[in-house]
Amino acid sequence: MTTDVIEQESHDSHDDHHDDSHGKMTGIKRWLYTTNHKDIGTLYLWFSFIMFLTGGAMAMVIRAELFQPGLQIVEPDFFNQLTTVHGLIMVFGAIMPAFTGFANWMIPMMIGAPDMALPRMNNWSFWILPFDFAILIGSFFMESGAPNFGWTFYAPLSTTYSNGSTAFFVFAVHIMGISSIMGAINIVVTIMNLRAPGMTYMKMPLFVWTFFITAYLLIAVMPVLAGVVTMLLTDTYFGTSFFDAAGGGDPVMFQHIFWFFGHPEVYIMILPAFGIVSTIIPAFSRKPLFGYASMVYATSSIALLSFIVWAHHMFTTGMPLFGELFFMYCTMLIAVPTGVKVFNWVATMWRGSLSFETPMLFSLAFVILFTIGGFSGLMLAMTPVDFQYHDTYFVVAHFHYVLVTGSLFSIFAGAYYWLPKWTGHMYSESLGKWHFWCSLISVNLLFFPMHFLGLAGMPRRIPDYALQFADFNKWVSIGGFAFGLSQLIFLVVVIKCIKGGEKAAAKPWDGAEGLEWTVASPAPYHTFSTPPKID
Amino acid sequence: MNKGTEQKNIQSSNSKVVKKLVLIVFGMFGFGFALVPLYDVFCDITGLNGKTNGASVAYAADGIDTSRIITVQFISRTAQGIPWQFEPMEREVKVHPGEVKFVKFYAKNESNRDIIGQAVPSVSPGLAAAYFQKIECFCFTQQPLKGGEEVEMGLQFYVDPELSEDISTLTLSYTLYDVTGKVDS
Ligand code: HEM
Ligand SMILES: [Cu+2]
């Protein structure tokens, strides 16, 4: 444990007990034992992509069932299992690990550190994930079936009326919680202690700031999630009555505790996206980010406010008027710092010399489509209208705009932006553009009509629907299949880019800023063994 | 400063930060559980979730306010899995605030096994719950019924005259649960 924290010596003077961090091993062992932040970043990103395709396959079955009214392909109970596991996989298996992958790859390079601060824990926090999701997905093949109570696992659906999957579900959530907490601790320690001399907090790239704040959010709320699933477990199997009215508990309390975690969780999934987009837009506008300091403060205030808005998910539970007003106004308040961000991105582009490579296209789409998701969020935040919209497809439209065209698009943008640094090759710009345009068109066909379906009253999480919704659902399903297929283009782009292609310069984007572009492409296995000079 | 000590310094400051963060993690785990009593206290004080008093209270109103009439409605439902018939014997009563009323509920075990039931009350609108005072209620205890047995169960209550002028109708809802496996006596 003495030398694996930081690699200080030059590469050739190593002693045997840290050769694991030198890439000496080959084959599977390299990946199993690695403590190198770049290797672990790669593992996270591939894992996330595989989960994305798995969750996506479930969505395809969901959309196939909803292609026309009536029950065609799957049983209602299996449909519920699919929506539940789709949600869990996308949130905890695709979006969150992808961001952790970015953090691992980029943060040490951006702050001039040789590696993450706690490399062994880093290895562990990744490697428990595949086993965790094997358990979750494996529950499909058990007698009980997979969890069928929604990704929000409201009691008593997940307790009294559970199909018997609760124990495995709770176990899986605990492990992914532990993994996220370890990842977050690592990020905080790295940023606090390993910044190169001269890199003050207010000189850190905004990307690093957003991950720093996100890591704190994770440390604050993942334990609450662990607590609530523990209560669920003891309610289901050990006779406690936290959420059981028969024993003096309260099912509504479940929702309070869950959403106390749940709302900050949605910001955990969007703040890193803000960081990525705030890196890319200046690069392709060839101008520094407009209002850096205000971006830092806006991000922090979004994070703080996220703790006092949770009950906007619960307007229809019969809260008293005061509560509804309080949570309504607090929620709307979040729109202010969010607006500051959108303003700053637009101001960054204002009179810049723009160019439209794939990372920039995804970032631009992010700004516009995330804002649409923010607007539908504002509509949902208005208590009286939420009584109409709640639990309809309007909510589904809202959170897919912020999560798919928001978080996911930022992940694509970031991947295209840093692929040359990761692989040493340029990706195929024409295939990238194909991926972008196919995704852009199909994603809107997929999610935009859902707004209207919701306004017209189609409930979410139901395998069948009334006839008047048939046309819209058909278009939505077509959009869904097209979006799913478009993602295979991305897979091809990435594989081609790893295999070869035009050699990438150290700094392939002329407007890019940051320490990561001062090292060669592909980034050497060890970077910044001696800290860079920062002025 | 040579490389070795520099590295030691970083390590010890790393572990300092880690310790603090782990403390936050455990603190927040505890906080999740602390939310449970906090929630109950909060609801008790504000009367937000429609929960009524869980044990008998003594009559404590100063007099009857004959200028107001409150309609108290009763509804009952049985939770999934309990084969009982369970109904209020009067659908609604009109009372003056401060006036003590006695009503009865009817329950019958329609199966042929012995079952212990527990009724859980809730008042709507929630803000009125704190003013709905039960002097005696079958919901304070569990109710065992043999297969086929029936029973009339009493509820004695009054509405506190402090109840907001805006409220003229209260709905008291009982949900009956099967607690046969979980009896604590
Ligand atoms: C302007 C900012 C936002 C506002 C005002 C807002 C508001 C809301 C409201 C009021 C709901 C509850 C709707 C209902 O169930 O009736 C909701 C649901 C949701 N929001 Fe947002 N939101 C915002 C941004 C975001 C972001 C950035 C994300 C994630 C990246 C997000 C993810 C979600 C999710 C996942 C749900 C649905 C949860 C569920 O019931 O399954 N929202 N939002
Ligand atoms: Cu929320």
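Each remark here, short or long, concerns the structure printed above.
Residues numbered from 1 in each chain as written. Chains lettered and ligands numbered in written order. Predicted model: local features only at pLDDT ≥ 70, side-chain atom pairs only at ≥ 80, totals over all residues. Heavy atoms only, no water.

What to know about the site of ligand 1
Residues and elements named next belong to chain A. For the record, the criterion: We define proximity as follows: a residue is near a molecule or strand when any one of its heavy atoms falls within 4 Å of that partner. Polar contact is the term for a pair of N or O atoms within 3.5 Å; when the atoms are in protein, one must be able to donate a hydrogen and the other to accept it, and sequence-neighboring residues count only if both atoms are side-chain atoms. Per the convention used, a helix needs a DSSP run of H or I reaching at least four residues, while a strand needs a run of E reaching at least two, with both numbered from the N terminus. When residues are grouped by polarity, Ala, Val, Leu, Ile, Met, Phe, Trp, Tyr, Cys and Pro land in nonpolar, Asp, Glu, Lys and Arg in charged, and all others, Gly among them, in polar.
Lining the immediate environment of ligand 1, one finds 23 residues, of which Trp151, Asp386, His390, His398 and Arg460 sit closest. At 2.5 Å from an oxygen atom of ligand 1 is found a side-chain nitrogen or oxygen belonging to Asp386. When contributions to the shell around ligand 1 are tallied by element, the ones reaching two or more residues are helix 7 (251-268), helix 11 (358-381) and helix 13 (393-423). Among the elements that line the shell around ligand 1, the one with the most residues is helix 11, at 6 residues. Here the shell around ligand 1 is built from residues that sort into 13 nonpolar, 8 polar and 2 charged.

Let's talk about the side chain of Arg460 of chain A
Short version of the rule: The contact definition used throughout considers only heavy atoms, calling two residues in contact when any of these lie within 4.5 Å.
Mapped onto the elements of the fold, Arg460 of chain A is located in the loop between helix 14 (429-455) and helix 15 (470-499). Other than its neighbours up to four places away in sequence, Arg460 of chain A contacts Asp391, Thr392, Tyr393, Val395, Val396 and Phe399 of chain A.

Considerations on the coordination of the copper ion (ligand 2)
Residue and element names in this part refer to chain A. Cut-off, in case you're wondering: The rule for donors is simple: an N, O or S atom within 2.8 Å of the metal counts, and for Na, K and Ca the reach is 3.2 Å. Water is not among the atoms, so a site may look short of donors. Think of it in three bands: with a 1.4 Å probe and only protein chains considered, a residue is buried below 20% of the maximum accessible area for its type, exposed above 50%, and partly exposed in between.
Every protein donor of the copper ion (ligand 2) is accounted for by His263 (ND1), His312 (NE2) and His313 (NE2), and the metal-donor separations fall at 1.9 to 2.1 Å. Sequence positions of the residues that donate to the copper ion (ligand 2) give the spacing H-x48-H-H. In this structure the iron atom of ligand 1 is found 4.6 Å away from the copper ion (ligand 2). According to the relative accessible area criterion, His312 is buried, its value standing at 14%.

Considering the packing of helix 4 (residues 119-138) of chain A against helix 5 (residues 166-193) of chain A
All names here are of chain A. Threshold: Simply put, an axis is a line fit to the C-alpha atoms, just over the touching stretch for a helix, and the angle between two N-to-C directions goes from 0 to 180 degrees. Under this scheme an angle from 65 to 115 degrees is roughly perpendicular, one under 35 degrees roughly parallel, and one over 145 degrees roughly antiparallel; angles in between are oblique. In this scheme, a crossing is called left-handed if the near helix is turned counterclockwise away from the far one by less than a right angle; it is called right-handed if the turn is clockwise.
Contact geometry of helix 4 with helix 5 gives a least axis separation of 9 Å together with a crossing angle of 160 degrees. Here helix 5 runs roughly antiparallel to helix 4, going by the angle between their axes. By crossing handedness, the relation of helix 4 to helix 5 is classed as left-handed. Only Phe168, Phe171, Ala172, Ile175, Met176, Ile178, Ser179, Met182, Gly183, Ile185 and Asn186 of helix 5 make contact with helix 4, whose side of the interface consists of Met121, Asn122, Trp124, Ser125, Ile128, Leu129, Asp132, Phe133, Ile135 and Leu136. For the contact of helix 4 with helix 5, a count of residues per class yields 15 nonpolar, 5 polar and 1 charged.

A few points about the sheet that holds strand 3 (residues 92-95) of chain B
Residue and element names in this part refer to chain B. Stated formally: A pair of strands counts as paired when DSSP detects no fewer than two bridges linking them.
The strand order across the open sheet built from 5 strands is 3-1-9-5-7, with neighbouring strands paired in mixed fashion. Unpaired on one side and paired on the other, strand 3 and strand 7 (143-145) mark the two borders of the sheet. In this sheet, neighbouring strand axes are inclined to one another by 30 degrees on average, regardless of whether the strands run parallel or antiparallel. Pairing of strand 1 (residues 70-78) with strand 3, which is carried by 4 bridges, proceeds in the antiparallel orientation. Bridge pairing in strand 3 links Val72 to Val93.

Regarding unusual backbone geometry
Following Ser521 of chain A, the chain continues to Pro522 of chain A via a peptide bond in cis, the omega torsion being -5 degrees. Along the polypeptide, Pro522 of chain A turns up in the segment after helix 15. In the segment running from Ser124 of chain B into Pro125 of chain B, the intervening peptide bond is cis, with an omega of -5 degrees. Residue position: Pro125 of chain B is located in the loop between strand 5 (115-124) and strand 6 (132-137). Of note, the phi angle at Arg286 of chain A is positive, near 55 degrees, even though the residue is not glycine. Among the structural elements, Arg286 of chain A can be located in the loop between helix 8 (271-285) and helix 9 (292-305).

Things to note about the nonpolar core
All names here are of chain A. Formally: Only buried residues count toward a nonpolar core. Its members are Ala, Val, Leu, Ile, Met, Phe, Trp, Tyr and Cys residues joined through side-chain atoms within 4.5 Å.
Judged by nonpolar contacts, the single largest core of 189 residues is most densely connected at Phe92, Phe102, Phe153, Phe207, Trp345 and Trp418. Tallying contributions element by element places helix 3 (residues 76-111) first for this core, with 21 residues. Dropping the residues within four chain positions of it, Trp418 is found in contact with Phe102, Met106, Met110, Phe207, Ile276, Thr279, Glu516 and Trp517.

A closer look at the coordination of the iron atom of ligand 1
Coordination of the iron atom of ligand 1 by the protein comes from a single atom, His398 of chain A (NE2), at 2.1 Å. In this fold, His398 of chain A is placed in helix 13.

A word on a nonpolar patch on the surface
All names here are of chain A. Note the threshold: A patch is a set of surface residues, each over 30% in relative accessible area and not in a salt bridge, joined within 9 Å for like charges and within 5 Å for the nonpolar side chains Val, Leu, Ile, Met, Phe, Trp and Tyr. Areas reported as accessible are Shrake-Rupley estimates using a 1.4 Å probe. Residue values count occlusion only from the protein chains shown. Put simply, a salt bridge is a Lys or Arg side-chain nitrogen that is within 4 Å of an Asp or Glu carboxyl oxygen.
A cluster of nonpolar side chains, namely Trp46, Ile50, Ile495 and Ile498, defines an oily patch on the protein surface of about 340 Å² accessible area. Broken down by secondary-structure element, the contributors of at least two residues to the nonpolar patch are helix 2 (37-65) and helix 15. Note on placement: Ile498 falls in helix 15. The partly exposed category is assigned to Ile498, whose relative accessible area is 41%.

Here's the deal with the environment of Met222 of chain A
Residues and elements named next belong to chain A. As for its placement among the helices and strands, Met222 is situated in helix 6 (residues 206-237). The spatial distance from the C-alpha of Met222 to the C-alpha of Tyr237 is 23 Å, given a sequence separation of 15 residues. Dropping the residues within four chain positions of it, Met222 is found in contact with Phe92, Met96, Met176, Gly177, Ser180, Ile181, Phe261 and Glu265.

As for the pattern of salt bridges
Residue and element names in this part refer to chain A. Using the criterion set out here, one finds 7 salt bridges over all chains in the structure. The partner of Asp510 in a salt bridge is Arg286, and the shortest N-O contact between them spans 2.9 Å. Of this pair, Asp510 sits in the segment after helix 15 while Arg286 sits in the loop between helix 8 and helix 9; the two residues are 224 residues apart in sequence, bridging distant segments of the chain. What makes Arg286 partly exposed here is its relative accessible area of 28%.

Re the state of the cysteines
To keep things clear, this is the line we draw: For the purposes of this analysis, a disulfide is any pair of cysteine sulfur atoms at a distance within 2.5 Å.
All told, the structure shown has 1 disulfide over all chains when counted by the stated rule. Across the disulfide from Cys137 of chain B sits Cys139 of chain B; the S-S distance is 2.3 Å. Looking down the S-S bond of the Cys137 of chain B and Cys139 of chain B bridge, the torsion is 130 degrees, so its handedness is right-handed. Cysteine Cys438 of chain A remains unbridged, with the sulfur of Cys497 of chain A as its closest cysteine sulfur at 19 Å. The exposure class assigned to Cys438 of chain A is partly exposed, which follows from its relative accessible area of 26%. Assessed through its relative accessible area of 1%, Cys497 of chain A is described here as buried.

A short note on the packing of helix 9 of chain A against helix 10 (residues 321-349) of chain A
For any two helices packed against each other, the geometry comes down to the angle between their axes and how far apart the axes lie. All names here are of chain A. The geometry of helix 9 relative to helix 10 is characterised by a closest axis approach of 9 Å and an angle of 155 degrees between their N-to-C directions. In this view, helix 9 runs roughly antiparallel relative to helix 10, as classed from their interaxial angle. The crossing of helix 9 and helix 10 is left-handed. Every residue of helix 10 that contacts helix 9 at Ser294, Met295, Ala298, Thr299, Ser301, Ile302 and Leu305 is listed here: Leu333, Ile334, Pro337, Thr338, Val340, Lys341, Asn344 and Trp345. When the residues that make up the contact of helix 9 with helix 10 are grouped by side-chain class, the tally is 9 nonpolar, 5 polar and 1 charged.

What to know about the interface of chain A and chain B
In this assembly, 39 residues from chain A lie in contact with 31 residues from chain B. Counting across the interface, chain A meets chain B through 0 salt bridges. Counting across the chain A and chain B interface gives 3 residue pairs in polar contact (both at pLDDT 80 or more). Of all the secondary-structure elements, those providing two or more residues to the side of chain A that touches chain B are helix 5, helix 6 and helix 7 of chain A. Looking at which element gives the most residues to the side of chain A that touches chain B, the answer is helix 6 of chain A, with 9 residues.

Focus on the sheet that holds strand 8 (residues 150-159) of chain B
Sheet strands associate in pairs through backbone hydrogen bonding, adopting either a parallel or an antiparallel arrangement. Residues and elements named next belong to chain B. Strand order in the open sheet made by the 4 strands is 2-4-8-6, with antiparallel pairing throughout. Strands with a single pairing partner mark the edges of an open sheet, and in this sheet they are strand 2 (84-88) and strand 6. The sheet shows a mean angle of 25 degrees between the axes of neighbouring strands, direction not considered. Relative to strand 8, strand 6 runs antiparallel, the two sharing 5 bridges. In the sheet register, Cys137 faces strand 8, and the bridge partner there is Leu155.

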